[in-house]
Amino acid sequence: MLRQILQIGQEETVPVVLAPMAGITDFAFREVCRDWGADMTYSEMISAKGLKYNSKRTFEIVDLRDETKSAIQLFGRDPQDIANAIRVLQQEQAGRISCFDINMGCPAPKIVNNGEGSALMKEPELAAEIVAAAKKVSEVAVTVKFRRGFDKTHGDAVSFAQRMEQAGTDAVTIHGRLREEYYTGKADWDCIARTKQLLSIPVIANGDVFSPEDAKGILDYTGADGVMVARGATGNPFLFSQIKTYLQTGTYRQISNQEKLQTVLKQAELCVKSKGEHRAIQEFRKHIAWYLKGVRGAAALRQQALGLNTLEQLQSLAMQVFGDSTTDANMI
Ligand SMILES: Cc1cc2nc3c(=O)[nH]c(=O)nc-3n(C[C@H](O)[C@H](O)[C@H](O)COP(=O)(O)O)c2cc1C
């Protein structure tokens, strides 16, 4: 059912999707995650107000190119702003969007202080109005992503999810942490399991999936219909294919240096094409640092990555690290 709702085709496994991550899930990263098996990818969160005021930067984030399996994530607290954003995006990106997701989980003070993101968990009636307004205009599925709760006393995930279902949302994603926990501690998978038992719409489980075993663990534990990966995919888009193979066969293979090299180079080149060399390489420094995880001499190489300014320098660093196609000797 989730595959149908998200229009992502039939496959054996439950959907394994790349989470929205502001500043990270740009077009280039989404593309390599799809290459490595992500069933669907989410844009960085996009301000519904930014679209209303025609902000150039906001429109840049929407850059979908020729994607067909992308969800757009919107944030805002005005139901009309959200509905208008959906109208505008549907016109701009006809046929490329497989779902609109509404952000009700962002913990960042500048978002929460505007009553947006996870703050909406404290206002379930307004959140429901937002979903209803989005559903009225959207030609594709509308989903909501939220947390275990805002804090211990506000916005319990289970009742919030039930309210969202009543309001007409097609699926929900739950990150098992309170707002005040940001990304610390251990995600609580119990609230996802409890919600799954009570809802008839699909539930996507999110929080602390860093390995194929974690993905199987969260799916078995919660009974969820899909799994979403965020931090585990940074510098490791290969995780999607490993998860899917593991879910089907119970095993998975290691990724060769050659495959890593090709992926880093492809992501960097796409990034340069869409953002221009200067900005792309500045932004890519953090991606290369993530790719260096587990590599021998990573600390020194990360220092080198901080000084990268051109695509050529980046290519040469990537060759130095992953260029040995005969062995994986560079790995610790
Ligand atoms: C740097 C960063 C940026 C994020 N940006 C967003 C965002 O724009 N929208 C959103 O719903 N969640 C965002 N998240 C939360 C993730 O989507 C995800 O819910 C969270 O990281 C837990 O999943 P994980 O344990 O797999 O990392 C962000 C997380 C990180 C680390």
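None of these values were measured; they are calculated from a predicted model.

### Let's talk about the nonpolar core
Among the nonpolar cores identified, the biggest contains 109 residues, and Ile-72, Leu-74, Met-104, Phe-146 and Met-164 are the most heavily contacted of them. Looking at which element gives the most residues to this core, the answer is helix H7 (residues 124–137), with eight residues. The two domains that each donate at least three residues to this core are domain 1 (2–249) and domain 2 (257–322). Setting aside residues up to four positions removed in sequence, Phe-146 forms contacts with Met-104, Gly-105, Met-121, Ala-157, Phe-160, Ala-161, Met-164, Val-172, Thr-173, Ile-174 and His-175.

### Digging into the pairing of strand E5 (residues 141–149)
Counting buried residues in E5 gives eight out of nine residues, a clear majority hidden from the surface. Here strand E4 (residues 97–104) pairs with E5 via six bridges, running parallel. Residue Phe-100 lies in a different strand from E5, and its bridge partner there is Val-142. With six bridges joining them, E5 and strand E6 (residues 171–178) adopt parallel strand pairing. Following the sheet pairing, Val-144 is matched in E6 by Val-172. For the crossover that starts at E5, traverses helix H8 (residues 157–167) and ends in the parallel E6, the hand is right-handed.

### Notes on the packing of aromatic side chains
Summed over all chains, the structure comprises five aromatic pairs. For the pair Tyr-246 and Tyr-252, a centre-to-centre distance of 5.7 Å together with 85° between the ring planes defines the contact as edge-to-face. Here Tyr-246 falls in the buried class, since its relative accessible area comes to 18%. For Tyr-252, a relative accessible area of 28% corresponds to the partly exposed category. One aromatic cluster in this structure is built from Trp-36, Phe-238 and Tyr-291. A cation over an aromatic ring shows up here: Lys-122 above the ring of Phe-150, its NZ or CZ 4.3 Å from the ring centre. For the cation-ring pair, Lys-186 lies above Trp-189, with the distance from its terminal atom to the ring centre recorded as 5.5 Å.

### A word on the pattern of salt bridges
Counted by the stated rule, this structure contains 19 salt bridges. A salt bridge links Asp-26 to Lys-275, with the nearest nitrogen and oxygen atoms 2.7 Å apart. Here Lys-275 lies in helix H12 (residues 257–275) and Asp-26 lies in the loop between strand E1 (16–18) and helix H2 (27–35), a separation of 249 residues in the sequence. In this structure, Asp-26 and Lys-275 share a single accessibility class: buried.

Analysis parameters
Residues numbered from 1 in each chain as written. Predicted model: local features only at pLDDT ≥ 70, side-chain atom pairs only at ≥ 80, totals over all residues. Heavy atoms only, no water. Core = buried A, V, L, I, M, F, W, Y, C linked by side-chain atoms within 4.5 Å. Buried < 20%, exposed > 50% of the residue type's maximum accessible area, 1.4 Å probe, protein only. Helix = DSSP H or I, 4+ residues; strand = E, 2+ residues; numbered from the N terminus. Domains from an automatic or database assignment. Contact = heavy atoms within 4.5 Å. Pairing = 2+ DSSP bridges. Right-handed = clockwise from strand over helix to strand, strands pointing away. Phe/Tyr/Trp six-rings, centres within 6.5 Å; stacked < 30°, edge-to-face > 60°. Lys NZ or Arg CZ within 6 Å of the ring centre and 35° of its normal. Salt bridge = Lys/Arg side-chain N within 4 Å of Asp/Glu carboxyl O.

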